[in-house]
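# Breakdown of the fold
Here is what each chain is made of, one letter per residue.
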Amino acid sequence: MVSPTPAAQRTTPAMSRFWQRRGGKLMLYTYLTVLALFSLAPLALAWSTAFKTRAQVVSNPYGLPFPPAFENLAEAWTSGRFSQYFMSSLIISLLSVVAMVIVAPLAGYGLARMKFWGRRLVVVVLLIGLTIPITAIILPLYTIMRDLHLLNTYWSVVITHVAVGGPFFAFIMRAFFMRMPEALADAARVDGCSELRVFWNIMLPLVRPGVLTVALLEFLWSWNNLILPLVFLTSENVRTLPVGMLLLTGRFSTDYGLLSAAVLILSLPVVVLFVLFQRNFVEGLASGAVKG
Amino acid sequence: MAATASTGMLTRRQVQGKRLRRGARRNLTAYLFLAPALILYLAFVIRPTVELFGLSAFDWNGVNPTREFVGFDNFARLFADPLFWRSLGNNLIFVVLLVAFNVTVGLITASALARAMRGRLIYQLIFFLPVVQASIVTALVWKWIYQPDGLLNNALGAIGLGFLSHGWLGDPNTALPALALAAAWSGFGLSVVIFLAGIQSIDQSLYDSAKMDGANARQMFMNVTVPELRPVITVVFLLEMIGAFQTFDIVWATTRGGPVNSTEVLASFMFKRGFTDAEFGYGASIAVIFMVIVLGAAIISLLLRERNED
């Protein structure tokens, strides 16, 4: 709608604020777009370079990969042994997810719905566990895993993931259980249901979104983790993607096509999951920060 | 209590016994629910934590069946080691740079997003995309960007700032800030969404009355948003600090502490002494200091959080 504006009105405070707001909006979106470029450019660079031939990397470093070439991906996947690293990463991540999805809801339910002796102490000890840095205990963890003969097995990494992440995910599940109405569970208890059945048949189905969040975040962390497989898994047949990539950067530090293919293989599964379940990732990670 | 009324036939002692048994059973059930998490946690987090303190009192290469007890010698050596102080200093600089970036950019971006009616979700998605990337991806991509013939120098050249270009990670003066920027890239999206959630929970009437008083966007940000968000800012500040202090991957995958120790941080320093040099006792003493600092910051943040919730 276009209506002629009387000249007198142009100088009123209301009008000047309008222009200020117009200018503000422009600045707002300029700022957001520049920051979005900062976020996106490094990834876009790597993802597009993954589809370039060696010649294209030199002649057209920042353009789109046209025509797309798959030789880097093929090389990383086969002679770079990334197919094998991919499988190791996948096995470790899936085992960690399955274990965490069992361990965390049980503990979260216990913390949210049960009164027991020493409950405050358990909560405090688990809260401390939220902040013990894994790098600080990696030396004794290494000797423990060695003495248990678990080095170079997937279990060393899976067990540590679940042990270290357990408190965090238990608190996430606790928050979900605390939001659920207690009346349903009480009714079932009156009918003679055991606590385990109340948990399994009534409460757990109600907190399915929480379980999904736990599964996604645990997958993200075990898929991306570097230090545990770096220390525990030294033989090549159990090597994971991040460690494989670390070694690749040492040996082929300037073969950007190959390195980019490795980046793509590592980040694609996580990016797909993130785009599909954005809310779970964002809320899960932010809740850990705000609620503890 | 209801229990006494319904069991009127029982003596007082029987009732007490029954209550006790029921209490014991309830405890047992609760601990069975907690058992898997607690056992793993005690065996693979608490036990190594305790062992770490013990380890720091020995001279041990990690393999020999015998280890030599040296008391506090490792700590004495540590405090006399210039590389320890260098690592600690680098670590603090890294923390300050990273926290300053993530808190300011996070806060400004969140308040911008709160005012952006269009495209808020897509911007949030883009800012968060680096957060879900593996640290090795961040390290590798930024190492490449910082190369002498990399994206950063080419971009500087394109806008006429070519005189600034150099090998960012090869220069001891720029390597640490360059790594902090890479870490900020991968982390600021999280602080954005935390601040955004905080802003959205601010009472809208505060903004309305500020607007009626004729406040502009900047004034509303400084006089409404920032004071109202103070608890959230404190939490993000401490969390970022704790996270930044633990930096290891990004250093290990790019500079390994170089050039000339300019990016050595406590975690990489410990990793080298412990695993590369096989000095487990010395490495453990570094880890003890590391842990004391992180736990101290974490306990402060927990106390502040409790106070905020009251």
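The structure this text deals with has already been given above.
Here is a short report on the structure shown in this document. Bear in mind the structure is a predicted one, so any value in this text is a computation, not a measurement.

## A closer look at the overall build of chain B
Counting its regular elements, chain B contains 14 helices and two strands. On C-alpha atoms alone, chain B measures out to a radius of gyration of 27 Å, which is more than a quarter above the 19 Å that the 2.2 N^0.38 rule sets for 310 residues. Reported as C-alpha extents along the three principal axes, the dimensions of chain B are approximately 95 × 75 × 30 Å. Scored against the burial criterion, the 310 residues of chain B give a buried share of 43%.

## Here we look at unusual backbone geometry
Along the chain, Gly258(B) connects to Pro259(B) via a cis peptide bond; the corresponding omega equals -15°. Note on placement: Pro259(B) falls in the loop between α12 (249-252) and α13 (266-276). We note that His149(A) has phi near 55°; this positive angle belongs to a residue other than glycine. Turning to its location among the elements, His149(A) is positioned in the loop between α6 (138-147) and α7 (154-178). Since 9 C-beta atoms lie within 10 Å of it, His149(A) is described here as exposed.

## Examining the environment of Ala215(A)
Residue and element names in this part refer to chain A. Checked against the element boundaries, Ala215 lands in helix α10 (residues 208-224). Ala215 gets classed as buried once you count the C-beta atoms within 10 Å, which come to 21. Taking the C-alpha atoms as reference, Ala215 lies 13 Å from Ile92; in sequence the two are 123 residues apart. Setting aside residues no more than four positions away along its own chain, Ala215 makes contact with Val97 and Val101.

## Some details on the nonpolar core
Core analysis: the biggest nonpolar cluster contains 176 residues, and Ala262(A), Val263(A), Leu140(B), Phe195(B) and Ala287(B) have the highest contact counts within it. In terms of residue count, the dominant contributor to this core is helix α8 (residues 175-200) of chain B (17 residues). Once you skip the residues sitting within four places of it in the chain, Leu140(B) turns out to touch Met245(A), Thr249(A), Leu259(A), Val263(A) and Ala253(B).

## Some details on the interface of chain A and chain B
In this complex, chain A contributes 71 residues to the contact, which on the side of chain B involves 70 residues. Broken down by element, the residue count for the side of chain A that touches chain B peaks at 14 residues, all from helix α1 (residues 13-49) of chain A. Taken together, the residues that form the side of chain A that touches chain B break down as 56 nonpolar, 14 polar and one charged.

Definitions and cut-offs
- Residues numbered from 1 in each chain as written.
- Chains lettered and ligands numbered in written order.
- Predicted model: local features only at pLDDT ≥ 70, side-chain atom pairs only at ≥ 80, totals over all residues.
- Helix = DSSP H or I, 4+ residues; strand = E, 2+ residues; numbered from the N terminus.
- Rg over C-alpha atoms; globule rule 2.2 N^0.38 Å.
- Buried ≥ 20, exposed ≤ 12 C-beta atoms within 10 Å, placed from the backbone.
- Contact = placed C-beta atoms within 7 Å.
- Core = buried A, V, L, I, M, F, W, Y, C linked by C-beta atoms within 7 Å.
- Nonpolar A, V, L, I, M, F, W, Y, C, P; charged D, E, K, R; others polar.

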